[in-house]
Amino acid sequence: MAKEIKTIGVLTSGGDAPGMNAAIRAVVRTALARGKQVRGIMKGYQGLLNEEIEDMEKMGVSSIIQRGGTILGTARSMEFKTEEGQKKGADICRKHGIDGLVVIGGDGSFRGAQRLANLGINTIGIPGTIDLDIACTDYTIGFDTAVNTAMQAIDKVRDTSTSHERCSIIEVMGRHAGYIALWCGIANGAEDILLPERYDNDEQALINNIIRNRKNGKKHHIIINAEGIGHSASMARRIEAATGVETRATILGHIQRGGSPTCKDRVYASIMGSYAVDLLCEGKSKRIVAYAGGKYVDFDINEALAMKKDISEYQFNVSKILGR
């Protein structure tokens, strides 16, 4: 039988996402309810290497479920990417009695968890990223809040774009994944959506679409541009020169990471946090918690990291039909 878990550590790693605090709260309170000790690791894997580790209690996670960001903090760690850094991290876990670890983050964070698991530390990953780009799950903590924040901002830009009869290029987050751009494009009724997974660099097609719509009496033109394509300001200058239509670029930036999480992000993150503790208490390790097919499930971490994810071709085609 697997050795009983007595102390559970929890950390957040990579980019912050609204709902991470809900997951932290769930990990802490579920573990305590099961008679386990809980230790919070500050500033991700770098905090682990620096031994920034604190005991966590029930009241310490009161009134955090509605807060954006992460109370544990997060940081990038080049040292932890090395074999020496990973061995040091595993030794520090053992030094502090952490025999189970919950890692909340994205693919990069999960690769760190995978390394620790290979070094004997029981690990469970929870998907926390606004990009929705983890292949094994239909939901990631923070996406719902981020896409709603972006949608509301784009609605406001559209109001002024219509008033001035402008073309607006609105850049949303998503370096390698276009899910925020796609969802906002559909939700905001954008005429064009530029996704890292699909964009063919045919700027002339955008120009032709703007000119055609203007001839048909359309008073505005919204282009949602994913961060991974970028160059929104220079694109705006080129489009204005080619079409004669005043064109402005708006980069929404990190407002999409912040803010109070939506109900969905609070509830799903809470259930995932409790699920992660349940897995550790069952003696399981090297698992990723996921929401797939309408259920909370878990995958082997190696299997999960090997999966590939792509934009739905049907959804993308729908966005093009509706945008015309």
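What comes next concerns the included structure. Along each chain, numbering runs from 1 in the same order as the chain's sequence is written. Only residues with pLDDT of at least 70 are given local features in this predicted model, and only at 80 or more are side-chain atom pairs given and counted; all residues enter the totals for whole chains, interfaces and linings. Heavy atoms from the whole structure form the basis of all side-chain values; hydrogens and water molecules are not counted.

### Considering the sheet that holds strand S3 (residues 53–55)
Strands pair in a sheet through their backbones, by hydrogen bonds, and they do so in one of two ways: parallel or antiparallel.
Next up, step 1: The seven strands lie next to each other as S3-S2-S1-S4-S5-S10-S11, forming an open sheet whose pairing is mixed. Looking along the sheet, the strands with just one partner apiece sit at the ends: S3 and strand S11 (295–300). Across the sheet, the axes of successive neighbouring strands diverge by a mean angle of 25°, strand direction being ignored.
Next up, step 2: One bridge is not enough; two strands pair if DSSP finds at least two bridges between them. The way it works is that DSSP assigns letters per residue, a run of H or I at least four long becomes a helix, a run of E at least two long becomes a strand, and they are numbered from the N terminus. When strand S10 (residues 287–292) meets S11, the two strands line up antiparallel, connected through six bridges. When the bridges of S11 are listed, Ile-288 appears paired with Phe-299. The axes are straight lines fitted to the C-alpha atoms, using for helices just the contacting stretch, and the angles between their N-to-C directions are given from 0 to 180°.

### Details of the nonpolar core
Next up, step 1: Of all hydrophobic cores here, the largest spans 59 residues; its most connected members are Val-102, Ile-104, Ile-126 and Ile-180.
Next up, step 2: Look past the residues within four positions of Ile-104 in its chain and what remains in contact with it is Val-10, Leu-11, Thr-12, Ser-13, Met-20, Ala-23, Ile-24, Ile-126, Gly-128 and Ile-141.
Next up, step 3: Put simply, buried Ala, Val, Leu, Ile, Met, Phe, Trp, Tyr and Cys residues joined by side-chain atoms within 4.5 Å make one nonpolar core. Buried means the residue's accessible area, taken with a 1.4 Å probe over protein chains only, is under 20% of the maximum for its type, while exposed means over 50%, and partly exposed covers the values in between. If you look at the next biggest cluster of nonpolar residues, it comprises 25 residues, including Ile-53, Leu-101, Cys-136 and Ile-301. By definition, residues are in contact when any of their heavy atoms lie within 4.5 Å.

### Quick notes on the side chain of Glu-191
Next up, step 1: You can see Glu-191 is positioned in the loop between helix H6 (179–187) and strand S7 (192–194).
Next up, step 2: Glu-191 gets classed as buried once you look at its relative accessible area, which sits at 3%.
Next up, step 3: One polar contact links Glu-191 to Lys-218, side chain to side chain, over a distance of 2.7 Å.
Next up, step 4: As used in this structure description, the phrase polar contact means that two N or O atoms lie within 3.5 Å; if the pair is within protein, one of them must be able to donate a hydrogen and the other to accept it, and residues adjacent in sequence are counted only when both atoms belong to side chains. At 2.6 Å, the side chain of Glu-191 forms a polar contact with the backbone nitrogen of Ile-222.
Next up, step 5: In this structure, Glu-191 is in contact with Asn-209, Asn-213, Lys-218, His-220, His-221, Ile-222, Gly-323 and Arg-324, ignoring residues within four places of it in sequence.

### Some words on the packing of helix H1 (residues 20–33) against helix H9 (residues 263–281)
Next up, step 1: In the contact formed by H1 and H9, the axes pass within 7 Å of each other and the chain directions differ by 40°. Both H1 and H9 take part in a crossing whose hand is right-handed. Packed against H1, whose contacting residues are Ala-22, Ala-23, Ala-26, Val-27, Thr-30 and Ala-31, the element H9 presents Arg-266, Ala-269, Ser-270, Gly-273, Ser-274, Val-277 and Asp-278 at the interface.
Next up, step 2: Partitioned by chemical class, the residues of the contact of H1 with H9 number seven nonpolar, four polar and two charged. For any pair of crossing helices, the crossing counts as left-handed if the nearer helix is rotated counterclockwise from the farther one by less than a right angle, and right-handed if it is rotated clockwise. Polar here means any residue outside two lists: the nonpolar Ala, Val, Leu, Ile, Met, Phe, Trp, Tyr, Cys and Pro, and the charged Asp, Glu, Lys and Arg; Gly therefore counts as polar.

### Side note on the packing of aromatic side chains
Next up, step 1: Side-chain rings of Phe, Tyr and Trp, where Trp is taken by its six-membered ring, are said to pair if the distance between their centres is within 6.5 Å; with planes under 30 degrees apart they count as stacked, over 60 as edge-to-face, and otherwise as tilted. Under the defined criterion, the tally for this structure stands at six aromatic pairs.
Next up, step 2: Summarising the aromatic geometry, the rings of Tyr-45 and Phe-80 are spaced 4.1 Å apart at their centres and angled 5° between planes, so their arrangement reads as stacked. Placement of Tyr-45 in helix H2 (residues 44–49) and of Phe-80 in the loop between S3 and helix H3 (83–95) is noted, with a sequence separation of 35 residues between them. Neither residue differs from the other here; Tyr-45 and Phe-80 are each classed as buried.
Next up, step 3: Measuring from centroid to centroid gives 4.9 Å for Tyr-291 and Tyr-296, while their planes differ by 65°, and the two rings are edge-to-face.
Next up, step 4: By relative accessible area, Tyr-296 is classed as partly exposed at 23%.

### What about the environment of Gln-46?
Next up, step 1: Examined against the element boundaries, Gln-46 turns out to sit in helix H2.
Next up, step 2: Note: C-alpha distance between Gln-46 and Ile-124 (78 residues apart in sequence) is 18 Å.
Next up, step 3: Every residue in contact with Gln-46, bar those within four places of it in the chain, is listed here: Ala-75, Arg-76, Ser-77 and Glu-79.
Next up, step 4: One polar contact links Gln-46 to Ser-77, side chain to side chain, over a distance of 2.8 Å.

### Some details on the sheet that holds strand S6 (residues 167–172)
Next up, step 1: Taken in spatial order, the four strands of this open sheet run S7-S8-S6-S9, and their pairing is parallel. The strands lining the two open edges of the sheet, one partner per strand, are S7 and strand S9 (247–251). In this sheet, neighbouring strand axes are inclined to one another by 15° on average, regardless of whether the strands run parallel or antiparallel.
Next up, step 2: Where H6 meets the sheet, it contacts S6, S7 and strand S8 (221–226), and its direction lies at approximately 175° from that of S7.
Next up, step 3: Helix H8 (residues 232–243) contacts S6, S7, S8 and S9 of the sheet and is inclined by roughly 170° relative to S9.

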